[in-house]
Amino acid sequence: MSQAAASRIAGLGHYVPARRVENAEIENKLGLEPGWIERRTGIRTRHWVEDGEFLTDIAAKAGASALDDADLLPDDIALTILATSTPDHLLPPSAPLLAHRLRLVNSGAIDLAGACSGFLYALTLADGFVRAQGRPVLVVAANILSRRINPAERASAVLFADAAGAVVLVPSGDSDVGLLGMNLASDGSYYDLISIPAGGSTKPFVSGIANEECLMTMRSGKEMFTQAVQMMTTCAQRAMADANLCSADMDRFVPHQANARIFDVVSDNLGIDASRTVRTIAEYGNSSAATIPLSLCLAHHSRSLVPGEKLLLTAAGAGLTGGALVWGV
């Protein structure tokens, strides 16, 4: 075992399903006036899977893309972390199947259920593994939320999408790259703001369970907005302080794409102008944990990440759970 001074991102990948769903399709079903969704969320379109397309399908495509970008062999990966709220099954975990499909024969594999902030937690754990073991890690965040939407509930039906994003972390001897500052947070007093009531050990799937209890519900969109803004802002401020940096030092702000109004308020709170904020919500909607790696990959394709850049990542979601990371490219 050889330890490393830091980890760095060696590869990025993403995948979105082919089916593109315009706002008009949802607005017509819910009886909303044209333009209602975009005005309130910033979303114009989102992508949903077709029948027969599953979580490990989209996760494997994003993972394969990141491995190819990193120019690594499957044998090189020592650990696979899959951040998802929509695994193929409650049991077994989906990560071992993902690793098998990618032929990662030397890799451990584990699911991480961190809701919208899952990618940040997975990246934090992956960074620690790379530092301790000196071996590469594949992190994939993927969700198929279209199958968990209650089409009759406006608060969730207008937001959620399907997508996958992935990064490959490798050891680095440069202490100025990788995880420079972090702050993770939770507040279980808001545990039921967003939930899927049935399916866990509290309410197992049995006869008599209403279909609606197997779908996502949002108790209060207004309260979720308030709490997400507060958690994302506070965590971002603490992560920058942990890195001994300030908002002026951040080259790109990559927030969870929950709702454009949320991250616009957060960026204002942090003093980060719009030109540095990565925005993908208009075309891709909210795919929970997948939004940040998806946004990173798309931003890299648009304007390459270059050595020396500092990235601020922040998210908050169901649980409540959230956090922020300062990452050096």
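Residues numbered from 1 in each chain as written. Predicted model: local features only at pLDDT ≥ 70, side-chain atom pairs only at ≥ 80, totals over all residues. Heavy atoms only, no water.

Student: Kindly report on the overall build of the chain, identifying the contributing residues and their values.
Tutor: Regarding its fold elements, the chain presents 10 helices and 13 strands. For 329 residues, the compact-globule estimate of 2.2 N^0.38 gives 20 Å, and the chain sits close to it at 19 Å. Referenced to the eigenvectors of the C-alpha coordinate spread, the extents of the chain come out at roughly 55 × 45 × 35 Å. Out of the 329 residues belonging to the chain, those deemed buried represent 56%. Taking as baseline every contact in the chain between residues at least 6 positions apart, the subset at least 24 positions apart corresponds to 78%. Total accessible area on the chain stands at roughly 13,700 Å², and carbon and sulfur atoms take up 51% of it. Of the side chains in the chain, 26 bear a positive and 34 a negative charge, and the two mean positions are spaced by 3 Å. (Helix = DSSP H or I, 4+ residues; strand = E, 2+ residues; numbered from the N terminus. Rg over C-alpha atoms; globule rule 2.2 N^0.38 Å. Buried < 20%, exposed > 50% of the residue type's maximum accessible area, 1.4 Å probe, protein only. Contact = heavy atoms within 4.5 Å. Areas by Shrake-Rupley, 256 points an atom, 1.4 Å probe, with all protein chains shown as cover. Lys, Arg positive; Asp, Glu negative; His and termini not counted. Charge placed at Lys NZ, Arg CZ, Asp CG, Glu CD.)

Student: Describe unusual backbone geometry, listing the residues and the values that go with them.
Tutor: Most peptide bonds are trans, and most residues other than glycine sit at a negative phi. Pro 92 follows Leu 91 through a cis peptide bond whose omega is 5°. Mapping Pro 92 onto the fold places it in the loop between strand E4 (79-83) and helix H4 (95-101). For the bond running from Gly 319 to Leu 320, omega is -20°, close enough to zero to count as cis. In this structure, Leu 320 sits in the loop between strand E12 (310-317) and strand E13 (321-328). Phi angles above zero are rare outside glycine, and Asp 71 is one such case at about 55°. Looking at the secondary structure, you find Asp 71 in the loop between helix H3 (55-70) and E4. On the basis of relative accessible area, Asp 71 is assigned to the exposed category, the value being 69%. At Arg 103, a position not held by glycine, the phi torsion is positive, near 60°. Counting through the fold element by element, Arg 103 comes out in the loop between H4 and strand E5 (108-112). Taking relative accessible area as the criterion, Arg 103 reaches 56% and is therefore assigned exposed.

Student: Describe helix H8 (residues 260-270), and please don't skip the residues or the numbers.
Tutor: An α-helical turn contains 3.6 residues, so a residue and the one three or four places further along point in the same direction. Turning to H8, its buried residues number three or more, namely Ala 260, Ile 262, Phe 263, Val 266, Ser 267 and Leu 270. Looking straight down H8, one finds that the buried residues subtend no more than 155° of arc, so they occupy a single side. Where H8 is buried, its residues touch helix H2 (36-41), helix H7 (221-242), strand E11 (252-255), helix H9 (281-284) and E12. Taking the backbone nitrogen of Arg 261 as reference, a side-chain oxygen 2.8 Å away marks Asn 259 as the first, capping residue of H8. Just past H8, the residue Gly 271 takes up positive phi, approximately 75°. (Arc of directions from axis to C-beta. Polar contact = N/O pair within 3.5 Å; in protein donor to acceptor, adjacent residues only side chain to side chain.)

Student: Outline H3, supporting the account with residue identities and numerical values.
Tutor: If you check H3, its first and last C-alpha atoms are 23 Å apart, about what 16 residues at 1.5 Å a residue would give, namely 22 Å. Here H3 has its buried residues at Leu 55, Thr 56, Asp 57, Ile 58, Ala 59, Ala 60, Ala 62, Gly 63, Ala 66, Leu 67 and Ala 70. (Expected span 1.5 Å × (residues − 1).)

Student: Which residues make up the packing of H7 against H8, and what are the values?
Tutor: Between H7 and H8, the least distance of the axes is 9 Å, while the angle of their chain directions is 40°. Crossing angle aside, the handedness with which H7 passes H8 is right-handed. For the pair formed by H7 and H8, the contact residues are Phe 225, Ala 228, Val 229, Met 232, Thr 233, Ala 236, Gln 237 and Met 240 on the first element and Arg 261, Ile 262, Val 265, Val 266, Asn 269 and Leu 270 on the second. Partitioned by chemical class, the residues of the contact of H7 with H8 number 10 nonpolar, three polar and one charged. (Axes fitted to C-alpha atoms, helices over the stretch in contact; angles between N-to-C directions. Left-handed = near helix turned anticlockwise from the far one by under 90°. Nonpolar A, V, L, I, M, F, W, Y, C, P; charged D, E, K, R; others polar.)

Student: Can you explain the environment of Gln 257? Please cite residues and give values.
Tutor: Position of Gln 257 relative to the elements: it lies in the loop between E11 and H8. Remark: the alpha-carbon pair of Gln 257 and Leu 294, spanning 37 residues in sequence, is separated by 9.9 Å. Sequence-distant contacts of Gln 257, that is, excluding residues within four places in its chain, are made with Phe 263, Val 278, Arg 279, Thr 280, Ile 281, Gly 285, Asn 286, Thr 291 and Ser 295. At 3.1 Å, the side chain of Gln 257 forms a polar contact with the backbone nitrogen of Ile 281.

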